Amino acid sequence: MNKEIKIAIIGLGYVGLPLARLFATKYSVVGFDINVERVAELMSGKDSTLEVSDEVLQKVLVPNPQSLVPAAEASINGLYCSKEIQDIAECNYYIITVPTPVDKNNRPVLTPLVKASETVGKVLKKGDIVIYESTVYPGATEEECIPVLERVSGLKFNTDFYAGYSPERINPGDKEHTVEKILKVTSGSTPEIGLKVDELYKSVIIAGTHLAPTIKVAEAAKVIENSQRDINIAFVNELAKIFGLMGINTQDVLAAAGTKWNFLPFTPGLVGGHCIGVDPYYLAQKAQEYGYHPEIILAGRRMNDSMGKYVASEVAKLMIQADINVKDSEILVLGITFKENCPDVRNTKSVEVINELTDYGAKVTIFDPNANPKEVKKEYNLISEKILTNQKFDAIVLTVAHKEFGELNVKSLQKEKAIVYDVKNFLPSEKVNKSL
């Protein structure tokens, strides 16, 4: 019965909010986040991540937690967002959707996961189920998170409370493949709990579910999804470097090879963000603990991590060939988010291109209509503009394929001898000197 299920979503970012909104169409849901500004923004009916439209969000919001208390014969659906731990105390399903980043040495950082587990542990009751969605290495849920829940709650795992793992598959900025349209992998700490977790997600995910036999299998499945994509992109990035030396257009090669039915359609580019650019390190770290040094996974990461410096060097070569001094030149970089049509700037590789060009002595202007200038300043100490002036530039570098850039008059932004470099092969070919 819906009135018997009350769900807490811990973390209201790119993953948590769409999930909370979806569950709120059928259940009582409390969204919890430690970011006071984020909670206030959501309760005002606005989402700065643009993952949930204001109209859709406002339809499920309720004004206070008391609005979610069911009458004797009826269930109450809706979403209330809060920073107060007491507001999640009556929930019986806790779904944790916090980030799992890496540090500057690419080592997994589980601090957000541990702190979220401590929060849940303070209100955990007998019979409750805690489900993790954050991407981790196989074993992290049971080895790292469950002991925290036991320690803080004083309850015993698989006797007093239970756990599940259902990895997120959110694609930020994608309005076609939304959370309910992406098949969901589920798992539980016992076969019976696995079925309960599966039924919960199946009730809102129209694409269906796949019940994995164990939590570790589900964790492993998630971490290899992004690792596989990372390796495939690394391969085409290496091809781009090789064909660049040969004077062959990489996109032409990929178009020709793509006529074969089983050729995989990957394209070169900057691989950042909080998933593909991070998750392979989680699997690599765990493999090394077992005495195995992963070669292909880490080779792919090294290749993709090198692309920012490579793009900057290619831009500098083009400028020199056009008799443009790189030092003191004025360069426009189009895009600083980690992907197109998305405001997320976490772990964006555009920053590496910008920093490298700055090291060459160039004066770089960043234009991104989607990025929040305050976040760019906070994360990278860089100034990002949302509006372009009438300034003209010696070089224009497109690093992110925002739809707005398709309407940009690139010619009007160029000095007489300017060059244009297109990382994403997005601009019309006749306007570009070179693409990746």
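Keep in mind the model is a prediction, meaning the values are calculated, not measured.

### Re the overall build of the protein chain
So, step 1. The number of helices and strands found in the protein chain is 13 helices and 14 strands.
So, step 2. A compact globule built from 436 residues should have a C-alpha radius of gyration of about 22 Å, and the protein chain, at 24 Å, falls within 12% of that.
So, step 3. Its C-alpha atoms put the protein chain at 75 × 50 × 40 Å along the principal axes.
So, step 4. Burial status across the protein chain gives 53% buried among its 436 residues.
So, step 5. For the protein chain, the accessible area works out to roughly 20,200 Å², and carbon and sulfur atoms hold 53% of it.
So, step 6. Positive and negative side-chain charges of the protein chain, numbering 49 and 56 respectively, have mean locations separated by a distance of 1 Å.

### Points about the UniProt feature "domain: UDP-glucose/GDP-mannose dehydrogenase C-terminal" (unreviewed entry) in the protein chain
So, step 1. In the UniProt entry, the feature "domain: UDP-glucose/GDP-mannose dehydrogenase C-terminal" (unreviewed entry) is given for residues 332-429.
So, step 2. Along residues 332-429 one finds 18% helix and 26% strand; the C-alpha atoms at either end are 18 Å apart.

### Description of the packing of aromatic side chains
So, step 1. Applying the stated criterion across every chain, the model contains 5 aromatic pairs.
So, step 2. Look at Phe23 and Tyr27: their rings are 6.1 Å apart centre to centre, the planes differ by 55°, and that puts the pair in the tilted class. The pair formed by Phe23 and Tyr27 is uniform in burial state, with each residue classed as buried.
So, step 3. Of note, Lys260 hangs over the ring of Trp261, and the distance from its end group to the ring centre comes to 5.4 Å.

### Considerations on the sheet that holds strand E3 (residues 78-82)
So, step 1. The 6 strands lie next to each other as E3-E2-E1-E4-E5-E6, forming an open sheet whose pairing is parallel. At either margin of the open sheet sits one strand with a lone partner, and together these are E3 and strand E6 (162-165). Strand-to-strand twist in this sheet, taken as the mean axis angle between neighbours without regard to direction, amounts to 20°.
So, step 2. Both strand E5 (residues 129-132) and E6 contribute to a ladder of 4 bridges, which runs parallel. What sits directly across from Ile131, in E6, is Gly164.
So, step 3. Along the sheet, helix H1 (residues 16-23) contacts strand E1 (6-10), strand E2 (28-32), E3 and strand E4 (93-96); its crossing angle with E1, the most-contacted strand, is approximately 170°.
So, step 4. Here helix H6 (residues 191-202) sits on the sheet and contacts E1, E4, E5 and E6; the angle it forms with E5, its principal contact strand, is near 65°.

### Observations regarding the sheet that holds strand E11 (residues 384-385)
So, step 1. If you trace the 6 strands from one edge of the open sheet to the other, you get E11-E10-E9-E12-E13-E14, paired in parallel fashion. In this open sheet, the two strands that pair with only one neighbour each are E11 and strand E14 (434-435).
So, step 2. When strand E13 (residues 414-422) meets E14, the two strands line up parallel, connected through 2 bridges. When the sheet's bridge partners are listed, Tyr421 is paired in E14 with Lys434.
So, step 3. Lying on the sheet, helix H11 (residues 307-321) is in contact with strand E9 (330-334), strand E12 (393-398), E13 and E14; it crosses E13 at an angle near 150°.
So, step 4. Together, E9, strand E10 (363-367) and E12 form the strand contacts of helix H12 (residues 350-359), whose direction differs from that of E10 by roughly 160°.

### So, the environment of Glu199
So, step 1. Here Glu199 shows up in helix H6.
So, step 2. Considering only alpha carbons, one finds Glu199 and Arg38, 161 residues apart in sequence, at a separation of 30 Å.

### Side note on the pairing of E4
So, step 1. The side-chain alternation of E4 yields two buried faces, one formed by Tyr93 and Ile95 and the other by Tyr94 and Ile96.
So, step 2. Sheet analysis places E1 next to E4, joined by 4 bridges and oriented parallel. What sits directly across from Ile10, in E4, is Ile96.
So, step 3. Across 4 bridges, E4 lies against E5 in parallel orientation. In the sheet register, Ile95 faces E5, and the bridge partner there is Ile131.

Rules used throughout
Residues numbered from 1 in each chain as written. Predicted model: local features only at pLDDT ≥ 70, side-chain atom pairs only at ≥ 80, totals over all residues. Heavy atoms only, no water. Helix = DSSP H or I, 4+ residues; strand = E, 2+ residues; numbered from the N terminus. Rg over C-alpha atoms; globule rule 2.2 N^0.38 Å. Buried < 20%, exposed > 50% of the residue type's maximum accessible area, 1.4 Å probe, protein only. Areas by Shrake-Rupley, 256 points an atom, 1.4 Å probe, with all protein chains shown as cover. Lys, Arg positive; Asp, Glu negative; His and termini not counted. Charge placed at Lys NZ, Arg CZ, Asp CG, Glu CD. UniProt positions renumbered as here; feature names shortened; annotations may be inferred. Phe/Tyr/Trp six-rings, centres within 6.5 Å; stacked < 30°, edge-to-face > 60°. Lys NZ or Arg CZ within 6 Å of the ring centre and 35° of its normal. Pairing = 2+ DSSP bridges. Axes fitted to C-alpha atoms, helices over the stretch in contact; angles between N-to-C directions. Contact = heavy atoms within 4.5 Å.

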